[in-house]
Amino acid sequence: MAHELTTSYLQDSIGLFRYYKKLGESALAQCPDAGLFTALDKDANSIAIIVKHMAGNMRSRWTNFLTTDGEKPDRDRDSEFEEPPKTRADLFTMWDAGWKIFQDALDGLSDADLAKTVTIRGEAHSVMQAINRQTAHYSSHIGQIILLAKHFAGDGWKSISVPKKGSGQFTADVKAGNKSQR
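Because the structure is predicted, anything quoted here is derived from the model rather than measured.

> Can you walk me through the packing of aromatic side chains in this structure?
Two aromatic rings, taken as a pair, are described by how far apart their centres are and by the angle between their planes. Taken as a whole and assessed by the stated rule, the structure comprises nine aromatic pairs. Joined through ring pairs, the aromatic side chains of Phe17, Trp62, Phe65, Trp95, Trp99, Phe102 and Tyr138 make up one cluster.

> So what exactly am I meant to see when it comes to the packing of helix H4 (residues 88-107) against helix H5 (residues 127-153) here?
Helix-helix packing is characterised by the crossing angle of the two axes and by the distance between the axes. Contact geometry of H4 with H5 gives a least axis separation of 14 Å together with a crossing angle of 155°. Taken together, the axis directions place H4 and H5 in an arrangement best described as roughly antiparallel. In this structure, H4 meets H5 at a crossing whose hand is left-handed. Contacts between H4 and H5 involve Trp95, Trp99, Phe102 and Leu106 on the former and, on the latter, Ile131, Tyr138, Ile142 and Ile145. Its residues placed into classes, the contact of H4 with H5 shows eight nonpolar, no polar and no charged.

> Would you mind showing me how to read the layout of surface pockets here?
To locate leftover empty space, one rolls a probe as large as a water molecule over the atoms. Put simply, the largest pocket is a space of about 270 Å³. Along the wall of the largest pocket there are 13 residues; nearest its centre are Ile160, Ser161, Val162, Phe170 and Ser180. For the lining of the largest pocket, the element with the most residues is helix H1 (residues 9-30), which contributes four residues. Of the residues that constitute the lining of the largest pocket, the class distribution is six nonpolar, four polar and three charged.

> Please clarify how unusual backbone geometry should be interpreted in this entry.
Peptide bonds are, in most cases, trans, and in most cases residues other than glycine have a negative phi. The phi angle at Asn64 is positive, at roughly 50°, despite the residue not being glycine. In this fold, Asn64 is placed in the loop between helix H3 (47-62) and H4. One non-glycine residue, Glu83, adopts positive backbone phi at about 45°. Locating Glu83 in the fold gives a position in the loop between H3 and H4. Exposure remark for Glu83: the relative accessible area of 58% places this residue in the exposed category.

Conventions we followed
Residues numbered from 1 in each chain as written. Predicted model: local features only at pLDDT ≥ 70, side-chain atom pairs only at ≥ 80, totals over all residues. Heavy atoms only, no water. Phe/Tyr/Trp six-rings, centres within 6.5 Å; stacked < 30°, edge-to-face > 60°. Axes fitted to C-alpha atoms, helices over the stretch in contact; angles between N-to-C directions. Helix = DSSP H or I, 4+ residues; strand = E, 2+ residues; numbered from the N terminus. Parallel < 35°, antiparallel > 145°, perpendicular 65-115°, else oblique. Left-handed = near helix turned anticlockwise from the far one by under 90°. Contact = heavy atoms within 4.5 Å. Nonpolar A, V, L, I, M, F, W, Y, C, P; charged D, E, K, R; others polar. 1 Å grid on protein atoms, 1.4 Å probe; cavity = no way out; pocket = protein on both sides within 12 Å on 5 of 7 lines; lining within 4 Å. Points joined across faces, edges and corners; volume = space filled by probe spheres on them. Buried < 20%, exposed > 50% of the residue type's maximum accessible area, 1.4 Å probe, protein only.

Below, the structure written as structure tokens:
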């Protein structure tokens, strides 16, 4: 997706989340199956667990976003860190379902909604604050997924952003309109 100049906070946020989703999917595509389900140590999370947690968070935060608390009573957050999906297909089903709920909620908002109040665990947030909170949360987990996928892909990893020693060429390509920063 190409970068678009906008003065709409909401439009920019939606574009940014789509970019993060694309980065995550590019990393997941390069990770061998075994790497998706491997934790680096006993206290670490595998990619599959991170995806399960993100999907659970998205479902809880963004279902009936404007009208119900973002921490749904039926959410069992602790279980998101146990029993990961068993296959790549199951992982992507979970990933896609979480992102669909999230993107549908964002697509249903207007700039006028940004000042409305929502709650997360009973604490009041403006819609803009809730979006910012999730930007930080999801981007941190996408970063974890990228790091782990790169680790497990090893020498087969292909950069999903600006490659090492490629900044000059990337900048020239962006200026020439051949690439985008998003």
